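Results of the structural survey
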Amino acid sequence: MKNSLLLSLLFTISASAVNAQVTYFADLMGKGFKQATIVQPSDYEGSVTCTLVRKTVPDKSTKAVLYVHGFNDYFFQEEMAERYIKEGFNFYAIDLRKYGRSWLSHQKINNVRDLSEYYADIDTALAVIKGEGNEKVLLSGHSLGGLTISLYASERAGKEKFDAVLLNSPMFALNIKSGLKKTALPLLLKRAEKHPETNFDLGINPLYGESLHVTAHGEWSYSLGLKPFVAPPVNLGWIRAVHNAQERLAQGITINKPVLVLHSAKSIDEKKWSDAFFTGDAVLNVGDVASQAQNIVGQYSIQAVQGGMHDLILSKQPVRDEVYSTIFNWAKRTVK
């Protein structure tokens, strides 16, 4: 715990010292998206960067959204960005350290030993967004990004650079069978204390990825190099970091800003491909998400989305239209 607090403090200090001015270049997505690479203090693997992606509204606006992706992920959701822009939000997304555009060759992709390592990336992104004239900011996170920003929002109480928090299928619990939680998980967590670098295969079903990508069963085009169907093995340090964050949530966290938690109405556990993957969450146990969300102390709303996939904004057209309608109706009341 002492190391975690020290790490968070050092990252907070370094982030506050960053000049809010960054240099943007054309992003790999094209179509008016720009990106800026931000160098952060080195960590246990060496040099570290994060990447801020931006596309602004045609006319001047002083409100923005910052999107934080999930595990085995990066920002590629062009349609989401355009929807926000249409609603008058300057759109920003961050590829966190060791993910997507920010992954460096000497790093283990997706690696983290405490979710507070990401706070510096979020701090810096928000400082840039504020420095670019945005007065109101919606902080949005998907899956692991949703868990991360929930704890971040709680720990930044009184110093928030955001006005509301949107959680899209937040990873509030690991989807592990109860028997394994009682037997295998404690052993893994114990070993992680001395050997965080030990690899571990999460056994993620590749069919969820196939349900998304245009080369398989889905409708979305993105880099399979940056978001493969099967995520590379994590290490025990990652498992411990996520578990510890979920335990902190279970004990109750206070978020001073309005929070909207969205999740699918049902979970999917199919072993072979079927169109059922288009109708539910194939990654998380949605019951766990809904239950853990109630440990948030503050002004929050929890809504289940019928027919929603794990990443709700990648659901089939009628469903994601409903998701966007829910988001923007809520945002009109909370991000004025």
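Preceding block: the structure.
Described in the following lines is the structure provided in the data block. (Residues numbered from 1 in each chain as written. Predicted model: local features only at pLDDT ≥ 70, side-chain atom pairs only at ≥ 80, totals over all residues. Heavy atoms only, no water.)

1. Overview of helix H7 (residues 236–250)
With 15 residues, H7 should reach 21 Å at 1.5 Å per residue; the first-to-last C-alpha distance of 21 Å fits that figure. The set of residues buried in H7 consists of Leu 236, Gly 237, Trp 238, Ile 239, Ala 241, Val 242, His 243, Ala 245, Gln 246 and Leu 249. Where H7 begins, the capping side chain belongs to Asn 235, and its oxygen is found 3.1 Å from the backbone nitrogen of Gly 237. Gly 252, located one to two residues past H7, shows a positive phi value of around 100°. (Helix = DSSP H or I, 4+ residues; strand = E, 2+ residues; numbered from the N terminus. Expected span 1.5 Å × (residues − 1). Buried < 20%, exposed > 50% of the residue type's maximum accessible area, 1.4 Å probe, protein only. Polar contact = N/O pair within 3.5 Å; in protein donor to acceptor, adjacent residues only side chain to side chain.)

2. So, the pairing of strand E5 (residues 90–95)
Burial analysis of E5 places six of its six residues in the buried class, the great majority of the element. What you see with E5 is no split at all: Asn 90, Tyr 92 and Ile 94 on one side and Phe 91, Ala 93 and Asp 95 on the other are buried throughout. Note that strand E3 (residues 46–55) and E5 share five bridges and pair antiparallel. Each bridged residue has a counterpart across the sheet, and for Val 53 the counterpart in E5 is Ala 93. (Pairing = 2+ DSSP bridges.)

3. Regarding the side chain of Ser 211
With respect to the element layout, Ser 211 can be found in helix H6 (residues 207–212). Ser 211 gets classed as buried once you look at its relative accessible area, which sits at 2%. With near-sequence residues (within four places) excluded, Ser 211 lies in contact with His 217, Gly 218, Trp 273, Phe 277, Phe 278 and Met 309. (Contact = heavy atoms within 4.5 Å.)

4. Quick look at the environment of Leu 66
Among the structural elements, Leu 66 can be located in strand E4 (residues 63–68). Residues Leu 66 and Gly 141, spaced 75 residues apart in sequence, show a C-alpha to C-alpha distance of 8.3 Å. Not counting residues within four places of it along the chain, the set of residues in contact with Leu 66 comprises Leu 52, Tyr 92, Ala 93, Ile 94, Ile 122, Ala 125, Leu 126, Ile 129, Leu 138, Leu 139 and Ser 140.

5. Points about the nonpolar core
Leu 52, Leu 66, Leu 144, Trp 238 and Ile 296 are the most contacted members of the largest nonpolar core, which has 57 residues in total. When residues of this core are assigned to their parent elements, the largest contribution, seven residues, is made by H7. Leave out the neighbours within four places in its chain, and Trp 238 touches Phe 71, Tyr 99, Asn 110, Val 112, Leu 144, Leu 174 and Leu 202. Residues Leu 212, Met 309, Leu 314 and Val 335 belong to the second largest nonpolar core, which totals 43 residues. (Core = buried A, V, L, I, M, F, W, Y, C linked by side-chain atoms within 4.5 Å.)

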